[in-house]
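# Observations on the model geometry
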Amino acid sequence: MESTNWTSVSHFILLGISTHPKEQIPLFVLFLSMYTINMSGNLVIIMLTISTTHLHTPMYFFLGNLSLADIGFTSTIVPNMLLNIFSDTKTISYIGCLTQVYFFISFAAMENFLLAVMAYDRYVAICHPFHYPVILTRRLCVQMVASCFTLSHLHALLHTLLMTRLSFCANNQIHHFFCDLYPLMKISCSSTYANTVVIQTEGVIIINGALTFIIISYACIISAILHIRSAIGKWRTFSTCGSHLTAVAIFYGTLTWVYFQPLASYSEAKGRILTVMYTVVTPMLNPFIYGLRNGDVKAAFRKWLNRIWNSGLK
Ligand SMILES: *[C@@H]1O[C@H](CO)[C@@H](O)[C@H](O)[C@H]1NC(C)=O
């Protein structure tokens, strides 16, 4: 009998963050609140970047798209997880699980590429300020976002197809709150060698490639800033990068921690907590990192609130 490449399970059981009955309600409340903050924060950013002419610059164009990716990213995971808390069976179909893997990876990769593109935007703005409008034309911005989109979907397709090669036998319990690569590979009964190799080559290239690009951009930015004479000028120039740098540090910090370790040493409990960090907490923080530190966004937000307030009084 030759049936090694066939799945014999039709569904998986997502055990969630905790199986402890007493922790279910607090977890539900916590995640629902984070999800609500996440959605509202990112929707406000998207609305502001679209409706405020003042914010029609490449930086906000990319930021709007980063917010879209943030929304997609958490929406692939959190609503399903919240429903799961109150489900008795906690099942997810095989197709549902792979769909989640696909979208989760594509949105994560989108975020990765967008952060690199945003570093390039800061590099041109600071190191070639006079050529900025000529280099970063609307056309180039659209092309860059479109390339990020295409690359992320190809990347997601590769990992999802590799996942379909695995077979799952008796064990269909996933010790996680969504279908992610490592937890699925852990319960597979076939060899995960190819999957591991691809994660640790292609995955590493994509993440490290973007990260290296960001580091080089910032090396140029910092050397340009060091040439500015006045301390105020130095600080003002650097402050336009502060938000981006914070977002980069949080995203790559947690991602590296979760994925780039050998599968054998992957600890489920630690993995779950770190995954909560970058799937739910980081996307929730992005609008605040950009909004609170940024005078333009704050001004646009205040104007928008005023408009609502005034139209409400009429
Ligand atoms: C994101 O990118 C697309 C296509 O490049 C663009 O049309 C859209 O306006 C951007 N979205 C936001 C919210 O800025």
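Small disclaimer: the values here were computed from a predicted structure and weren't measured. (Residues numbered from 1 in each chain as written. Predicted model: local features only at pLDDT ≥ 70, side-chain atom pairs only at ≥ 80, totals over all residues. Heavy atoms only, no water.)

This brings us to the environment of threonine 240. Mapped onto the fold, threonine 240 is located in helix α8 (residues 231-259). Apart from residues lying up to four places away in sequence, threonine 240 is in contact with Arg122 and Ile126. (Helix = DSSP H or I, 4+ residues; strand = E, 2+ residues; numbered from the N terminus. Contact = heavy atoms within 4.5 Å.)

Right, let's talk about the site of the ligand for a bit. In the neighbourhood of the ligand, the contacting residues comprise Ile46, Phe61, Gly64, Asn65, Val142 and Val145. Phenylalanine 61 places a main-chain nitrogen or oxygen 3.4 Å from an oxygen atom of the ligand. At 2.5 Å from an oxygen atom of the ligand is found a side-chain nitrogen or oxygen belonging to asparagine 65. Summarising the interface, the protein chains cover 70% of the accessible area of the ligand, which totals 360 Å² for the free molecule. Looking at the shell around the ligand, the elements with two or more residues in it are α2 (58-85) and α5 (138-164). No other element matches the three residues that α2 contributes to the shell around the ligand. Looking at side-chain class alone, the shell around the ligand contains four nonpolar, two polar and no charged residues. (Near = heavy atom within 4 Å. Polar contact = N/O pair within 3.5 Å; in protein donor to acceptor, adjacent residues only side chain to side chain. Areas by Shrake-Rupley, 256 points an atom, 1.4 Å probe, with all protein chains shown as cover. Nonpolar A, V, L, I, M, F, W, Y, C, P; charged D, E, K, R; others polar.)

Within the structure shown, the criterion is met by two disulfides. Note that cysteine 97 is cross-linked by a disulfide to cysteine 179, the S-S spacing being 1.9 Å. Sign of the S-S torsion, about -110° for the bond between cysteine 97 and cysteine 179, identifies this disulfide as left-handed. Of this pair, cysteine 97 sits in helix α3 (residues 94-127) while cysteine 179 sits in the loop between β3 (173-174) and α6 (181-187), and the two are 82 residues apart along the sequence. Judged on exposure class, the residue cysteine 97 and its partner cysteine 179 are both buried. (Disulfide = S-S within 2.5 Å. Buried < 20%, exposed > 50% of the residue type's maximum accessible area, 1.4 Å probe, protein only.)

Another point: the layout of surface pockets. Roughly 290 Å³ of internal volume is contained in the largest pocket. Along the walls of the largest pocket sit 17 residues, with Thr49, His56, Tyr60, Phe61 and Arg138 positioned nearest its centre. Of all the elements in the fold, those that place two or more residues in the lining of the largest pocket are α1 (24-51), α2 and α5. With six residues, the single largest contributor to the lining of the largest pocket is α2. Its residues placed into classes, the lining of the largest pocket shows ten nonpolar, six polar and one charged. The space that makes up the second largest pocket amounts to roughly 250 Å³. For the lining of the second largest pocket, the secondary-structure elements that each account for two or more residues are α2, α3, α8 and α10 (295-313). (1 Å grid on protein atoms, 1.4 Å probe; cavity = no way out; pocket = protein on both sides within 12 Å on 5 of 7 lines; lining within 4 Å. Points joined across faces, edges and corners; volume = space filled by probe spheres on them.)

In the numbering used here, UniProt assigns the "transmembrane region" (unreviewed entry) feature to residues 25-48, 60-81, 101-120, 140-158, 205-226, 238-260 and 272-292. Across residues 205-226 one finds 100% helix and 0% strand; the C-alpha atoms that close the span lie 31 Å apart. (UniProt positions renumbered as here; feature names shortened; annotations may be inferred.)

A separate point is the confidence of the model for the protein. Taken as a whole, the protein shows an average pLDDT of 87; of its residues, 92% reach a score of 70 or greater. Considering only residues more than four positions removed or in separate chains, one finds that residues 1-5, a stretch of pLDDT under 50, has two contacts. (pLDDT = per-residue confidence, 0-100.)

Overall, the coordinates contain 14 aromatic pairs when judged by the stated rule. On the basis of an interplanar angle of 10° and a centroid distance of 5.5 Å, the ring pair of phenylalanine 73 and phenylalanine 104 is categorised as stacked. A residue pair is termed long-range when its members are at least 10 positions apart, and phenylalanine 73 in helix α2 and phenylalanine 104 in helix α3 qualify at 31 residues. This pair shows no difference in class: phenylalanine 73 is buried, exactly as phenylalanine 104 is. Judged by centre distance (5.2 Å) and plane angle (65°), the ring pair of phenylalanine 177 and phenylalanine 178 falls under edge-to-face. Aromatic ring contacts, followed pair by pair, group Phe31, Phe73, Phe104, Phe177 and Phe178 into a single cluster. (Phe/Tyr/Trp six-rings, centres within 6.5 Å; stacked < 30°, edge-to-face > 60°.)

This paragraph deals with the pattern of salt bridges. Per the counting criterion, the structure on display carries one salt bridge. Measuring nitrogen to oxygen at the nearest pair gives 3.1 Å for the salt bridge that ties arginine 122 to aspartate 121. One exposure class covers both arginine 122 and aspartate 121, and it is buried. (Salt bridge = Lys/Arg side-chain N within 4 Å of Asp/Glu carboxyl O.)

This part covers empty space enclosed by the protein. It is a probe the size of a water molecule, rolled over the atoms, that shows where empty space is left. One pass over the full model with this rule turns up three cavities of 30 Å³ or more. Leu14, Leu15, Gly16, Ile17, Ser18, Gln24, Leu27, Met81, Asn84, Ile85, Lys90 and Phe177 are the residues that line the second largest cavity. Taken together, the elements giving at least two residues each to the lining of the second largest cavity come down to α1 and α2. In terms of residue count, the dominant contributor to the lining of the second largest cavity is α2 (three residues).

Membership of the largest hydrophobic core comes to 84 residues, with the highest contact counts inside it found for Phe12 and Leu184. Top element by residues in this core is α3. It accounts for 19 residues. In contact with phenylalanine 12, other than residues within four places in its own chain, are Lys90, Thr91, Ile92, Tyr94, Cys97, Phe168, Asn172, Ile174, Leu184 and Ile187. (Core = buried A, V, L, I, M, F, W, Y, C linked by side-chain atoms within 4.5 Å.)

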